[in-house]
Amino acid sequence: MALVETDIADGVAVVTLNRPEAMNALSKALRAELAAVMVEMDRREDVRAVVLTGAGTRAFTAGLDLKELGSDATAMGDATGETPQANPVKAIEQCRKPVIGAINGVAITGGFEVALACDVLIASENARFADTHARVGIMPGWGLSQKLSRLIGLYRAKELSLSGNFLDAATAERWGLVNRVVPADQLLPAARKLAADMATIEPGFSAAYKKLIDDGFAASFQDGMALEHARSSAANGSVTPGEVAKRREAVQARGRQQ
């Protein structure tokens, strides 16, 4: 049985973390498999967008496999791992295509960090988030301490990280952590539909726009504005008026249908 399963149809790949008996905990083997799968999804021309989810209804992923951490003296190094095989955030970042996190259950600690590596989050009503790094006694090493405060605000991030309390799906939506919450049986259809919309964008442009957003998010506002000006100046100079007119008609037609 594969630890990471893939299902590809109509330009969309659904990638499923597949250890439901262990709440999809991120064992060494699963992380290595995820890294390989994300490289493949990035390479494949028949994949234009990715949905990442967990098997079952209990967990998106419970994070690092604590049983493995407790029995393998070398495993702790992966909590700050830099390679995609060790660090699932790096594994996801290898994919230049949009990655939608379909959060089907709990996303705990390292699993929370994996969720934050996605480009968009859609949550099931069963979803819950928790940062238990402080309770386990491990400092986050995959980006949570810096990303979370930027996404939901400093005070809310400190509330979660310094208590280890769970955040329910409805509150996560209200705080702006997830885009929307849907009934459990509608989670994958909703994620697939959004992925299908994203899959209609030209892949090279989609990848460049995603990188512009991510690079700007990692910079100061001033530097981000300068970055946008530099990249738009370089890219837009080659766009012809005829191309704009043709695409304008397609955009208007799509707008009338929505």
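From a predicted model like this one, the values you see are computed outputs, not experimental measurements.

A.B. asks: Account for the sheet that holds strand E9 (residues 167–168), with residues named and values stated.
C.D. replies: As summarised here, the arrangement of the four strands in space is E4-E6-E8-E9, forming an open sheet in which the pairing is mixed. Only two strands of the sheet have a single partner each, and these edge strands are strand E4 (59–61) and E9. In terms of strand pairing, strand E6 (residues 106–108) meets strand E8 (residues 128–130) through three bridges, oriented parallel. For Val 106, the partnering residue across the bridge sits in E8 and is Arg 128.

A.B. asks: Would you mind going over the pairing of strand E5 (residues 99–103) in detail, with residue names and values included?
C.D. replies: Across the five residues of E5, five count as buried, placing the element largely inside the fold. With burial as the criterion, each face of E5 is covered, one bearing Val 99, Gly 101 and Ile 103 and the other bearing Ile 100 and Ala 102. In this sheet, E5 lies alongside strand E3 (residues 49–54) in parallel orientation, the contact comprising three bridges. By the bridge assignment, Val 50 is partnered in E5 with Val 99.

A.B. asks: So what's going on with the nonpolar core? Which residues, and what values?
C.D. replies: Grouped together as the largest cluster of nonpolar side chains are 46 residues, with contacts concentrated most on Val 50, Leu 52, Ile 103, Phe 129, Leu 148 and Leu 177. The greatest single-element share of this core, amounting to six residues, is contributed by helix H1 (residues 28–43). Non-local contacts of Leu 148, meaning those with residues more than four positions away in its chain, are made with Phe 112, Leu 116, Gly 153, Ala 157, Leu 160, Ser 161 and Leu 177. In this structure, Val 14, Ile 100, Val 120 and Ala 195 belong to the second largest nonpolar core, which totals 14 residues.

A.B. asks: Tell me about unusual backbone geometry, and name the residues and values.
C.D. replies: Backbone phi values are negative for most residues with the exception of glycine, while trans is the configuration of most peptide bonds. With phi around 55°, Asp 10 is a residue other than glycine that occupies positive phi space. With respect to the secondary-structure elements, Asp 10 resides in the loop between strand E1 (4–9) and strand E2 (12–17). Despite not being glycine, Asn 24 shows a phi value in the positive range, around 55°. For Asn 24, the position within the fold is in the loop between E2 and H1.

Thresholds applied
Residues numbered from 1 in each chain as written. Predicted model: local features only at pLDDT ≥ 70, side-chain atom pairs only at ≥ 80, totals over all residues. Heavy atoms only, no water. Pairing = 2+ DSSP bridges. Helix = DSSP H or I, 4+ residues; strand = E, 2+ residues; numbered from the N terminus. Buried < 20%, exposed > 50% of the residue type's maximum accessible area, 1.4 Å probe, protein only. Core = buried A, V, L, I, M, F, W, Y, C linked by side-chain atoms within 4.5 Å. Contact = heavy atoms within 4.5 Å.

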